[in-house]
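What the coordinates show
One-letter residues, chain by chain:
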Amino acid sequence: MLGNTYGRFFRVTTCGESYAGGFRKGLNVPKELYGGLLAIVDGVPPGLNLTAAMIQEELDKRRPGQTPLDSPRLETDRVYIFSGVMEDDLTTGAPVGLVIPNVDIEDLHIGQYREYKDMCRPGHAEYTFFKKYGEHSDWVGAGRASGRETASRVAGGAVAKAVLARMGIDVIAFISESHSIKAGPITYEKAKENYRKNDLNCPDLEVAPRMIEDILRIKDEGDTCGGVVEVIARGVPAGLGEPVFDKMSALISHGIMSIGAIKGLEFGSGFAHATMKGSESNDPMYFDADGRVRFRSNHAGGVLGGISNGEDIRIRVAVKATPTISLPQDTVDVGQGKNALLSPITRRDPSLLPRIYPVCEAMVRLSILDAIYMSQGYAAVANLDPRWGKI
Ligand SMILES: Cc1cc2nc3c(=O)[nH]c(=O)nc-3n(C[C@H](O)[C@H](O)[C@H](O)COP(=O)(O)O)c2cc1C
């Protein structure tokens, strides 16, 4: 398997599967140390205050089993710092190693997956994994295609968060739409004020209960549904991103589109640009009182020519319905080479929205921090006249 590292300079490498620890149960490994997930974060500056509690705070947002809206899996997702942090909770500059054991590995659940071992869940990754890895494809809980994989990214993103905080950069994500029920307009300030005030993290506190009720009704029908996550990055300086293949928008797209179940992404006014006139889609510019360039609107979503323009980077992310549903669907049994009808009994999230927004926050943080390393490295040798830095 290739491609388990994200980033060029600030890099996160992840490994671990959904139920990997289950394979080690016979080896007298204490339950607290069952397999699970690892993240190695490379490029962490020295002297950064970093504690397991800081990383845990991010992981707890993504942890399942907290509300009726998410999977009843009971993973504690407890993180341990393995390396890169010395006495007084300060980083040394060495790779930060993070370990997240998985203590919710029960024979019952592994048995359920064994029963469906050769059945491909429509909408899930089994078919393409069989094509690629054949008989050795991990059949327990989707392996690397499991949403559980994203815990490592969230852990890596928490380290990025600590670095970005020193630079005054804040990334926040929230739910703005669920199964066609839309929240009203959400500003950065409103998203901050109402952050995580309901199980869905929808800052429109009036619309959120309707969304939640709708998800629970769909869950009772044995079905699932999707929606929209929005992410705002505030405090991002102008000048990040490279103009050709490594545009700021391309780096963020890479990060976001690498999350399972994400099917679409738009920056600023996104697809609406296709219907706008130039006079509508252009963001008019002006010098503010400090002599800095600002924009009167943000249809661009904070990126121009692939380079951040100093306004909020704002994206909307389309999340599909959870593939595992209880309703019977046509599929194939690749072991027996015949058609089949499947209605899985394994655990799942009725909506991925409440657990996927922290993953979006993590990937945007990682993309921005990596772009900072790239831009600062270039700037250090480019010898640009300082007056350009002032506008
Ligand atoms: C945080 C998170 C949790 C997820 N939980 C589930 C789940 O409980 N059941 C399920 O069928 N898919 C779940 N998924 C979605 C699958 O991982 C994803 O749909 C699958 O890998 C196929 O990839 P694709 O949808 O990008 O094509 C989850 C994804 C994320 C990011």
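Shown above is the structure to which this text applies.
One structure accompanies this document, and this report is about it. Model, not experiment: these values are computed from the prediction.

Conventions and cut-offs
- Residues numbered from 1 in each chain as written.
- Predicted model: local features only at pLDDT ≥ 70, side-chain atom pairs only at ≥ 80, totals over all residues.
- Pairing = 2+ DSSP bridges.
- Helix = DSSP H or I, 4+ residues; strand = E, 2+ residues; numbered from the N terminus.
- Buried ≥ 20, exposed ≤ 12 C-beta atoms within 10 Å, placed from the backbone.
- Arc of directions from axis to C-beta.
- Contact = placed C-beta atoms within 7 Å.
- Near = placed C-beta within 6 Å.
- Nonpolar A, V, L, I, M, F, W, Y, C, P; charged D, E, K, R; others polar.
- Axes fitted to C-alpha atoms, helices over the stretch in contact; angles between N-to-C directions.
- Left-handed = near helix turned anticlockwise from the far one by under 90°.
- Parallel < 35°, antiparallel > 145°, perpendicular 65-115°, else oblique.
- Core = buried A, V, L, I, M, F, W, Y, C linked by C-beta atoms within 7 Å.

This part covers the sheet that holds strand β2 (residues 11–16). The sheet built from 5 strands is open, its strands ordered β1-β2-β3-β7-β4 with antiparallel pairing. Two strands in the sheet have a free side with no partner beyond their single neighbour: β1 (5–6) and β4 (80–83). One ladder, built from 2 bridges, connects β1 with β2; its direction is antiparallel. The residue of β2 that forms the bridge with T5 is T13.

So, about helix α7 (residues 248–257). An α-helical turn contains 3.6 residues, so a residue and the one three or four places further along point in the same direction. Within the sequence span of α7, burial applies to M248, S249, L251, I252, G255 and I256. Along the axis of α7, the buried residues cluster in a sector spanning 160°; they form a single face. In this structure, the buried side of α7 is in contact with β1, β11 (262–267), β14 (303–304), β15 (307–308), β16 (313–319) and α9 (353–382).

Around the ligand there are 20 residues in total, and A145, G147, G260, T324 and R348 lie nearest to it. No other element matches α9, which puts 3 residues into the shell around the ligand. Taken together, the residues of the shell around the ligand break down into 8 nonpolar, 8 polar and 4 charged.

Here the focus is unusual backbone geometry. For D77, which is not glycine, the phi dihedral falls at a positive 50°. Residue position: D77 is located in the loop between α1 (52–62) and β4. Positive phi outside glycine occurs at R196, with the angle close to 60°. Within the element layout of this structure, R196 appears in the loop between α5 (188–193) and α6 (208–220). A count of 14 C-beta atoms within 10 Å places R196 in the partly exposed class.

Turning to the packing of α7 against α9, a few remarks are in order. Angle between the axes and distance between the axes: these two values describe a pair of packed helices. It is at 9 Å that the axes of α7 and α9 come closest, and there the two elements cross at 145°. In this structure, α7 crosses over α9, and the sense of that crossing is right-handed. Of the residues in α9, those in contact with M248, L251, I252, G255 and I256 of α7 are C360, M363, V364, L366, S367, D370 and A371. Per-class residue counts for the contact of α7 with α9 are 9 nonpolar, 2 polar and 1 charged.

Turning our eyes to something else, we now look at the packing of helix α4 (residues 150–166) against α9. Between α4 and α9, whose axes approach to 8 Å, the crossing angle comes to 50°. The pairing of α4 with α9 is recorded here as oblique in orientation. In terms of crossing hand, the pair formed by α4 and α9 is left-handed. Note on element contacts: α9 touches α4 through P358, V359, E361, A362, M363, R365, L366, I368 and L369, opposite T150, R153, V154, G156, G157, A160, K161, V163 and L164.

Another point: the pairing of strand β8 (residues 170–178). On a regular strand, each side chain points to the face opposite its neighbour's, so the side chains alternate between the two faces of the sheet. In terms of burial, β8 is largely enclosed, as 7 of its 9 residues are buried. In the sheet, β8 pairs with strand β10 (residues 227–234) via 8 bridges, with the strands oriented antiparallel. Looking across to β10, one finds that F174 is bridged to E230. Examined bridge by bridge, β8 and strand β9 (residues 181–182) share 2 bridges and lie antiparallel to one another. The residue of β9 that forms the bridge with E177 is K182. In sequence, β8 turns back onto β9 through a hairpin of 2 residues, with H179 there showing a positive phi of about 50°.

To continue, consider the sheet that holds β9. Pairing is antiparallel across the open sheet formed by 5 strands, whose spatial order is β9-β8-β10-β16-β11. Two strands bound the open sheet, and with one partner strand each, they are β9 and β11. Where β11 and β16 come together, 5 bridges link them in antiparallel fashion. By the bridge assignment, G264 is partnered in β16 with A318.

Let us look at the nonpolar core. Formed by 75 residues in total, the largest nonpolar core has its most connected members in A155, V229, V231, A233, I356, C360 and I368. Sort the elements by how many residues they give to this core and α9 lands first, with 14 residues. Beyond its immediate stretch of four places on either side in the chain, V229 contacts A173, I175, V317, V319, L353, I356, Y357 and C360.

A few words now on α1. The complete set of buried residues in α1 reads I55, E58, L59, K61 and R62. End-on view of α1: buried residues confined to an arc of 150°, all on one side of the axis.

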